[in-house]
Each structure stands twice: as C-alpha cells, then as structure tokens.
Amino acid sequence: MGQAEMATTLEGLEDALRGKLLRPEDEGYDEARAVWNGMVDRHPAAIARCESAADVLACVRFARASGMPLSVKAGGHQAAGKAVCDDGLVVDLGEMDAVRVDPDTRTARVEPGATLGQFDREAQTFGLATPAGVHSGTGVAGLTLGGGIGWLARTFGLASDNLVAADVVTADGELVYASEHEHPDLFWALRGGGGNFGIVTSFEFQMHPVGPEVLTVQAFHHFDDARDVLRAYREVMAEAPDELGCYPMIMNVPPVEGFPEELHGKPALALVGCYSGPVVEGEPVVARVVEIGEPFLEVVAPMPYATFQSSFDAGTPDGVRYYGKAHLLSELSDGAIDALLGVVDHLPGPFTMIFLESLGGAIARRPADATAWPHRQATFGFAVQAGWTEPADDEEQIAWVRRVHEAMAPHATGGVYVNYLDVDDGDRVAAAYGEHYRRLSEIKQRWDPDNLFRANHNVDPLVAART
Ligand SMILES: Cc1cc2nc3c(=O)[nH]c(=O)nc-3n(C[C@H](O)[C@H](O)[C@H](O)COP(=O)(O)OP(=O)(O)OC[C@H]3O[C@@H](n4cnc5c(N)ncnc54)[C@H](O)[C@@H]3O)c2cc1C
C-alpha cells in the first residue's frame, strides 16, 4: 500500500502528490478556483494541481478515505461550474495537457487538461483533426465526456464518437483502460455520460485529415431579414453535404472597422461556418450560403482550421457573468423561427448571443445506442446565452434568457445537451441523458455506487434500482 493510499489528511495528500496542493492562503489559489463563468464563486478546502495519473489516484484514494467531497476540473468551461466545489478537494487537471499525435495510425493521445486550441495546434501540424467545439479555450475532457459538438460533427460525428479508448481512475481508486473491448460498459458511458464514472487521465482519439486550410464563411444580415434568412438557411442545410457545418448566430454587431457604423451594437443574424473537405469542392457549397438574402457583410475565405476554431473566442471572454439555456430541435420549423423572432428584439449584455448548431449527418447515422449520447435524431441545437459584467444586472439578464428559452420550448424535442445545462438545470438532467438514463444508472451503480463523482450533472446510481 503506497503513501497515496494512506493519506487521510490534506497534509498527507500534499506529501503524496508530485503536483502542488493549494490552500486558501496560498498564492495561485484564487486563480485556480476561477472558472469561465464569473457567476461561479466557490471556495474549495484545497486544489490539487495534478501532474500525473498517480496524483489523480492519490486524490481519489484520499477523498474515499477522508470523506471529503471532490470535484474535477479540466478546462473550466462548464457553464454550471461544477468543476469547483465548496469546502472539498478540486482535482485540477490543468497541468496535464500533453498531446501526442501519431500521424501513421491517425490517432492522438490527449491528457485531460488540454484545451481544444492546444489539441488542434498539435494535430494540425500533421493536417489532422478530430471533431471538437467552436472555442479554443474549451477543455477536451469535459467537452468529450458530454458529447462534443462542433464544425466537423456532421462529417465525422461527435468528439465522443471519435474516442477509441480512455485511461480512467475509478471510484475505488484503480486505473483502468476502457475501450470497445475492455470494460465496454464503462467505455459506452464515458461517451455522453459526463464525469460520472471516473476521472479520465488520457483520451485516445481517431483523427481525420482536415485542412490545414478550410473554406470559411461569415455572412451578416440585418436583423429585420432574420425570418427569411433562417427559412432559406434551413433549405440550404437540408441539401448540404455533411462537410458543411454552418450556424446561424444572433449577436450584436461589434463596434469595429468593417461593420457599418450605424449598425454597431445592434443585433444582426450571422451565418457562420466552414466546409471541412477540400477548399475547391467547398466553393459551390459555401456559395449557396452566401446567396441567401442580402448580407450587409460577407467574408468567404480559406483559413487555417485552427485559426477558424478560435475566431469566436473574443465573444465569450473568461470571468464574465454568464447564464444560458438550451434546447434540441427535431426541425427548424416556421413555428420555431416565429417564436424566436417574436421574443427577441434586442440582445441585452455585451457578450450575449443566440445560436443554432447544425447537427445530423454523421451524428445521426450512428445507431441510437452506439454511445451514451441520446440525441442523434435532433437536427439543430439551440442555445441562448447572456453575458454581462455587473452583478446588479443579474436578475434582468437571467429573466431575459428564461423568456427566450420558454418561447422556444413548444418547438423543441424536450431533450437537452448535457454540456449546456446551467447551474439551476437540476430538473433537466434526466432529459439530458434521455432514453439512456436507466442504463447509465446501472453502470454508475457498478462503477461508483457511493456516488463519489457527484459534482457533475449527476447520474443517480439508484434510479435503475428504483424503477
Ligand atoms: C465559450 C464556450 C464554448 C463552448 N462551445 C462548445 C461547443 O462548441 N461544443 C460543445 O460540445 N460544447 C461547447 N461548450 C460546452 C463545453 O463542452 C462544456 O462546458 C464542457 O463541460 C467543458 O469542458 P471543460 O473541461 O472545459 O470543463 P470543466 O468545467 O473543467 O469540466 C466540466 C465537468 O466535466 C467533468 N470532467 C472534466 N474533466 C474530466 C475528466 N478528465 N474526467 C472525468 N470528468 C471530467 C467534471 O464533471 C467537470 O465538472 C462550450 C462552453 C463554453 C464556455
């Protein structure tokens, strides 16, 4: 029995770790407890800056032995901020950010602290990528475990569809390798079931040739034209090849050169996306997007994929106050468009946006029970997110998001993507796991019966037993 297994006090844990253990009085503590959403302000008893799987094992064994609650932090991008707990131990994986790409086998091993930007940077050196999200600061870990939707999803599926194996520290303090062949139940649950089943210390992904340049499009429309533009967009997407990922985004026009001055700060509808196949093949496809309506600004250009992946980082800076809600849609019906435009006439808050994600394609072609992600038949994701700076505005901003969300509810599937749940969405967790909730509960009962990993959108280990 090693020292790590014996630690029942924070002092013992500190001795067992290779990385630092930060306490409230330590320099760096406040920085380490901060997450993307500035609304989250939690004070853990300690933060373990893990440097290896052995450190993660030490933390899990300590939490079991001491009874101290734990939470797991990777990129810190979850809106609900469950990565940080009050009065518990944060297992901080941020230092474990190595990425190793094997161009021969087209696979990559990624440590859980890596961001999408770090992953793309390494992989694009070899002209490779795997589907991820649309913000370079998001953590590979949380994104993949919840599903992982991004520009490449229609072509290659979700990030989690491209996971081929994972090293997992389990609740009983062991390190196991999970794949289709080893612990297949655990491997199934990791792909959509979030952080409920263990702490992943290494992800192995299937990679695909992408770029390095992809054809990108950004077409900005007057908000008054939004109804016609969304209807035409829907028709274009219905016929588009999988390689086109294109999102409508409602945002305030940034006060920067290139945008007409009279529109600065006013809402606009942008169609934004990329064609992930060869640039020349994308030209006629992207042309159909640009032909929609009469954009007041359009940019069609080949761009390094990794650059495109960080194009929208500035719109959602770290530490601002955020509140968001999401739906999934089986179709972008006229009713849905009318409901949206009936309730939105402005965007409060400087970092506020509404967007639709184009799904379908490779996501929908996988069997419904291939992984734990249950929403394969949804054709669009919908999200409304307010971002502001003043605590005094909290109530007004939150009320606005709820109004928009409620107006869209009659047009949605009732399901929701787990990675877009906010702090007060506890009653929607079952809808996030959908028809797979019972099976996830059974697997949770097998791998974490005492619910050690509960600082997350929690799968109740007793649901299956109760029903
Ligand atoms: C600006 C922004 C843009 C986004 N864009 C997209 C997008 O395009 N597509 C998309 O799909 N999602 C997107 N998301 C949502 C994102 O996928 C989730 O917020 C995800 O949880 C972030 O992962 P993280 O590692 O950064 O988060 P963290 O907050 O560090 O972790 C979230 C949770 O994941 C679990 N977890 C993290 N690491 C591990 C691990 N190694 N082992 C076990 N459990 C772990 C824990 O339960 C933790 O509480 C976006 C979020 C933001 C803030």
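Residues numbered from 1 in each chain as written. Predicted model: local features only at pLDDT ≥ 70, side-chain atom pairs only at ≥ 80, totals over all residues. Heavy atoms only, no water.

Draft legend 1. Inspection of the packing of aromatic side chains at higher detail. In the structure shown here, the tally under the stated rule is 15 aromatic pairs. A centroid spacing of 4.3 Å and a plane angle of 35° characterise the contact between Trp151 and Tyr247, whose relative ring orientation is tilted. Of this pair, Trp151 sits in the loop between helix H6 (140-146) and helix H7 (153-156) while Tyr247 sits in strand S13 (residues 244-252), and the two are 96 residues apart along the sequence. The burial state of Trp151 is the same as that of Tyr247; both residues are buried. With 6.0 Å between their ring centres and 10° between their planes, Phe203 and Phe205 make a pair best called stacked. Classification of Phe203 by relative accessible area gives buried; the value is 0%. (Phe/Tyr/Trp six-rings, centres within 6.5 Å; stacked < 30°, edge-to-face > 60°. Helix = DSSP H or I, 4+ residues; strand = E, 2+ residues; numbered from the N terminus. Buried < 20%, exposed > 50% of the residue type's maximum accessible area, 1.4 Å probe, protein only.)

Draft legend 2. Highlighting the pairing of S13. For S13, the tally of buried residues reaches 9 of 9 residues, placing the bulk of the element in the interior. A two-sided burial pattern is seen for S13, the buried positions comprising Leu244, Cys246, Pro248, Ile250 and Asn252 on one face and Gly245, Tyr247, Met249 and Met251 on the other. Relative to strand S14 (residues 267-275), S13 runs antiparallel, the two sharing 9 bridges. The partner of Pro248 across the bridge, within S14, is Leu271. In the sheet, S13 pairs with strand S17 (residues 353-358) via 3 bridges, with the strands oriented antiparallel. By the bridge assignment, Ile250 is partnered in S17 with Ile354. (Pairing = 2+ DSSP bridges.)

Draft legend 3. Fine view of the site of the ligand. Taken together, 33 residues sit near the ligand, with Ala74, Gly76, Gly139, Ile149 and Tyr417 positioned nearest. Residue Val72 places a main-chain N or O atom 3.5 Å away from an oxygen atom belonging to the ligand. The separation between an oxygen atom of the ligand and a polar main-chain atom of Val134 is 3.0 Å. Protein chains bury 95% of the 960 Å² of accessible surface belonging to the ligand in isolation. Of all the secondary structure elements, the ones that give two or more residues to the shell around the ligand are strand S3 (70-73), H6 and strand S10 (199-206). (Near = heavy atom within 4 Å. Polar contact = N/O pair within 3.5 Å; in protein donor to acceptor, adjacent residues only side chain to side chain. Areas by Shrake-Rupley, 256 points an atom, 1.4 Å probe, with all protein chains shown as cover.)

Draft legend 4. Structural view of a negative patch on the surface. A contiguous patch of negative charge on the surface is contributed by Asp224, Asp225, Asp228 and Glu294. Residue placement: Glu294 occurs in the loop between helix H10 (279-290) and strand S15 (297-304). Take Glu294: its relative accessible area is 65%, and that puts it in the exposed class. (Patch = residues over 30% accessible without salt bridge, like charges linked within 9 Å, V, L, I, M, F, W, Y side chains within 5 Å. Salt bridge = Lys/Arg side-chain N within 4 Å of Asp/Glu carboxyl O. Lys, Arg positive; Asp, Glu negative; His and termini not counted. Charge placed at Lys NZ, Arg CZ, Asp CG, Glu CD.)

Draft legend 5. Spotlight on the domain arrangement of the protein chain. If you check the domain split of the protein chain, you get domain 1 (3-92), domain 2 (99-209), domain 3 (213-424) and domain 4 (427-466). Taking the mean C-alpha position of each, domain 2 and domain 4 sit 21 Å from one another. Contacts between domain 2 and domain 4 engage 16 residues on the former and 15 residues on the latter. Here domain 2 packs against domain 4, burying approximately 1300 Å² in sum over the two surfaces, 68% of which is carbon and sulfur. In terms of surface lost to domain 4, no three residues of domain 2 exceed Trp188, Asn196 and Phe197, which account for 48% of the buried area on that side. At the junction of domain 2 with domain 4, the criterion picks out 1 salt bridge. (Domains from an automatic or database assignment. Contact = heavy atoms within 4.5 Å. Buried area = accessible area lost by both parts, 1.4 Å probe.)

Draft legend 6. Quick peek at empty space enclosed by the protein. Under the counting rule described, the total for this entry stands at 2 cavities of 30 Å³ or more. Its boundaries defined by the atoms lining it, the second largest cavity holds a volume of some 40 Å³. What lines the second largest cavity is simply Leu230, Pro248, Ile250, Leu269, Leu340, Ile354, Phe355, Leu356 and Phe382. When residues of the lining of the second largest cavity are assigned to their parent elements, the largest contribution, 3 residues, is made by S17. The class makeup of the residues in the lining of the second largest cavity is 9 nonpolar, no polar and no charged. (1 Å grid on protein atoms, 1.4 Å probe; cavity = no way out; pocket = protein on both sides within 12 Å on 5 of 7 lines; lining within 4 Å. Points joined across faces, edges and corners; volume = space filled by probe spheres on them. Nonpolar A, V, L, I, M, F, W, Y, C, P; charged D, E, K, R; others polar.)

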